[in-house]
Amino acid sequence: MAVVEESEQQLKQQKKKPVSEDDKRRKKMPPGSLMKALIRPGAGEKTPIEGDQIIYHCTIRTLDGVVVESTRSEYGGNGIPKRQVLGKSKIILGLLEGFPTMLKGEVAMFKVKPELHYGEEDCPVSVPDGFPKDDELHFEIELIEFSKVKVITEDLGVLKKVEEDGQGWEQPREPYEVKAWISGKSGDGKVIYSHTHGEPFLFTYGKSEIPKGLELGIGTMTRGEKAVIYVTKEYLTQCPLMPSIEGVSEVNFEVELLHFVQVRDVLGDGRLIKRRLRDGRGEFPMDCPLHDSLLRVHYKGMLLDEENTVFYDTRVNNTDHQPFEFRSGEGLVPEGFEMCTRLMLPGEIASVTCPPDYAYDKFPRPANVPQGAYVKWEIELLDYEKQKDWTGFNFREIMDAVEKIKGTGNRLFKEGKYELAKAKYEHLLREFNHVNPQDDEGKEFSNTRDLLHLNMAACLLKIGEYRKSVESCNKVLDANPAHVKALYRRGMAYMAVGNFEEARADFNKMMSVDKSSEATANAALLKLKKEEQEIHERARQQFKGLFDKKPGEISEAGGKDLQEEAPLDADDRDAINDDKEHLLEATAPPPTSIWSRLWPNTRNLFTTLGLDRCTIL
């Protein structure tokens, strides 16, 4: 029992809030240094707590009644109440203790000794010269209001108070189109802007059409939310909404976010733009077909010419006006079309502007779409059906499903759609983590899993992710070190990153475990030799004469172009062309830069150049 109590005590200590700077200041308060007299009672029962914004008037007097400083206009102030956040703003110690004792609307007088106001050692709040900071003072405080606020900028230049919660969780972001009612008042309550009637104010988020602070605040709102956004002058940038900001130190914006249109820059470079025309059903993005699914859509394809020429309309051109069905993740539609459809909700209608390289330049092009043309699609996602999981499947049903998906991956690979193919194999390997085959099913299961890892390795080779390709091969070789295809794949990946010794070891091991692989291994070794010779020759040219000069002389790099390719001998070409080893077609890695392949083997290179005995002084 004692052990349980001890552990609970330790847990409480771990959850205990760290001591703040304000807490440390409070511990230094001497008894009797702060006294409070109630002038006017407040309303309600709640008092301010840490994190609340407090708005108050403050008048400071000496003990004989001379006004030293005030926010009130009748005492020489500007008439604008102070606004601070407990636990965030810099506040004198006496008021830091006094505010939590006050009710809304209350007026109180605090008698404060110097060590609790501006005379405090290392006081975080500064005062002008001549201020009686060493005297005992009276602080008359009217607590106008307090409330929870969201701190939007760390310097407290932008805060938000929610008046009425909105719906959902989605918030405006660049380049959404936003509609809102907006009015703005200065700190003393003077209206300086109002747009609350007629047509709602429309702006594009991120285009500097409204003050920066207001935009930051609206970016935290949801549809239908009402809020007050407090913006200090540092965030009151000039814009069409407020062309003049002279003489304004702060604006309190009252905002009702009526609606926003989701506009997405899908590629991030302004070329592939999806604009929502009609909201769909459900919540974004949870109810979008992000994963591979069977989708049913209607769409109209148009050219971006003056007439918006329609080149295809499913409601006109399809038999019986049937919608178009396709499975995502299989390369059956242009890439831009699929990327945007995955971001739609059922029932949504969207307009998509697509560049040629994501439309029909890499896809069978309709006869009336010119090469290199931007296109526009209006897409309606009717519904979609998620890919069935394997719950309730027996082993044979699972393996049949695997064959179908793997076959799709193989087709995508042969079509050069390596990323899509990789996604298919990754999906299957993830699902395999939840499959528990019986004894007689184990061999088929492990063989299929090895095949998927090797397919992954081939895809990774094609897209230049060589290290990951090695990792995929290792997953096969860890269980079967003599797996010829895995050795070949890994050797090719090692060669691509310049790890020539590791590559040579894999190709030699291929021949030792399987004599029938000699032709393939020898072709790979010839290619490896050529790669080494080219890199070493280029390095020799680069460092030619580097160590032949006397001290103080400058060596010049060799004149041979680093990108110049050495020609292949006829025998070498024939040997490489004889390489027929493949799980999928064409697994040779794409070309890489000379330096990315040179530096991983710097030590071997310098040994080859005879520079390994050099000493750096």
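Note that the structure is predicted; figures quoted are calculated from it, not measured.

### Concerning the overall build of the protein chain
The helix and strand inventory of the protein chain stands at 16 helices and 20 strands. Across the 617 residues that make up the protein chain, the buried fraction comes to 44%. Restricting to contacts in the protein chain with at least 6 residues of sequence separation, those with at least 24 account for 70%. Summed over its atoms, the accessible surface of the protein chain is roughly 33,700 Å², and 48% of this surface lies on carbon and sulfur atoms.

### Description of the side chain of Glu140
Among the secondary structure elements, Glu140 is positioned in strand β6 (residues 137-148). Given a relative accessible area of 17%, Glu140 falls into the buried group. Excluding its chain neighbours within four sequence positions, the residues that come into contact with Glu140 are Ile39, His57, Cys58, Thr59, Arg61, Val107, Ala108 and Met109.

### Quick word on the pairing of strand β3 (residues 67-70)
In the sheet, strand β2 (residues 52-62) pairs with β3 via 3 bridges, with the strands oriented antiparallel. Across the sheet, residue Ile60 finds its bridge partner in β3, namely Glu69. In sequence, β2 turns back onto β3 through a hairpin of 4 residues, with Gly65 there showing a positive phi of about 95°.

### Side note on the pattern of salt bridges
The tally for this structure, following the rule as stated, stands at 41 salt bridges. A salt bridge links Glu325 to Arg296, with the nearest nitrogen and oxygen atoms 3.4 Å apart. With a gap of 29 residues between them, Glu325 in strand β18 (residues 324-327) and Arg296 in strand β16 (residues 293-303) connect regions that are remote in the sequence. Several salt bridges share partner residues, and in doing so they unite Lys274, Arg276, Asp279 and Glu348 into one network.

### Concerning the confidence of the model for the protein chain
Per-residue confidence for the protein chain averages 87 on the pLDDT scale, and 85% of its residues sit at or above 70. Ignoring residues within four places in sequence, the model shows residues 555-589, a span with pLDDT below 50, making 65 contacts including any to other chains. The low-confidence segment residues 591-617 (pLDDT under 50) makes 38 contacts with residues lying over four places distant or belonging to another chain.

### Brief notes about the side chain of Thr71
The topology assignment puts Thr71 in the loop between β3 and β4 (82-85). Residue Thr71 is classed as buried on the basis of its relative accessible area, which comes to 8%. Within the local environment of Thr71, its side chain forms a polar contact with the side chain of His57, the two groups lying 2.7 Å apart. Once residues within four sequence positions are removed from consideration, Thr71 is found in contact with His57, Cys58, Gly77, Asn78, Gly79, Ile80 and Lys82.

### Here's the deal with the packing of aromatic side chains
In this structure the tally under the stated criterion is 17 aromatic pairs. Taking the centre distance of 5.3 Å and the plane angle of 75° together, the rings of Tyr299 and Phe337 count as edge-to-face. One end of the pair, Tyr299, is in strand β16; the other, Phe337, is in helix α6 (residues 335-341), and 38 residues separate them in sequence. Arranged with centres 5.1 Å apart and planes meeting at 65°, the rings of Phe413 and Tyr418 form a pair that is edge-to-face. Residue class for Phe413 comes out buried when judged on its relative accessible area of 2%. One cation-aromatic arrangement involves Arg61 over Tyr75; the distance from NZ or CZ to the ring centre is 5.2 Å. A cation over an aromatic ring shows up here: Arg223 above the ring of Phe260, its NZ or CZ 4.3 Å from the ring centre.

### Quick notes on the environment of His453
Examined against the element boundaries, His453 turns out to sit in helix α9 (residues 442-462). Judged by relative accessible area, which is 11%, His453 ranks as buried. Residues in contact with His453, not counting those within four places in the same chain, are Leu429, Ser472, Lys475 and Val476.

Procedures and definitions
- Residues numbered from 1 in each chain as written.
- Predicted model: local features only at pLDDT ≥ 70, side-chain atom pairs only at ≥ 80, totals over all residues.
- Heavy atoms only, no water.
- Helix = DSSP H or I, 4+ residues; strand = E, 2+ residues; numbered from the N terminus.
- Buried < 20%, exposed > 50% of the residue type's maximum accessible area, 1.4 Å probe, protein only.
- Contact = heavy atoms within 4.5 Å.
- Areas by Shrake-Rupley, 256 points an atom, 1.4 Å probe, with all protein chains shown as cover.
- Pairing = 2+ DSSP bridges.
- Salt bridge = Lys/Arg side-chain N within 4 Å of Asp/Glu carboxyl O.
- pLDDT = per-residue confidence, 0-100.
- Polar contact = N/O pair within 3.5 Å; in protein donor to acceptor, adjacent residues only side chain to side chain.
- Phe/Tyr/Trp six-rings, centres within 6.5 Å; stacked < 30°, edge-to-face > 60°.
- Lys NZ or Arg CZ within 6 Å of the ring centre and 35° of its normal.

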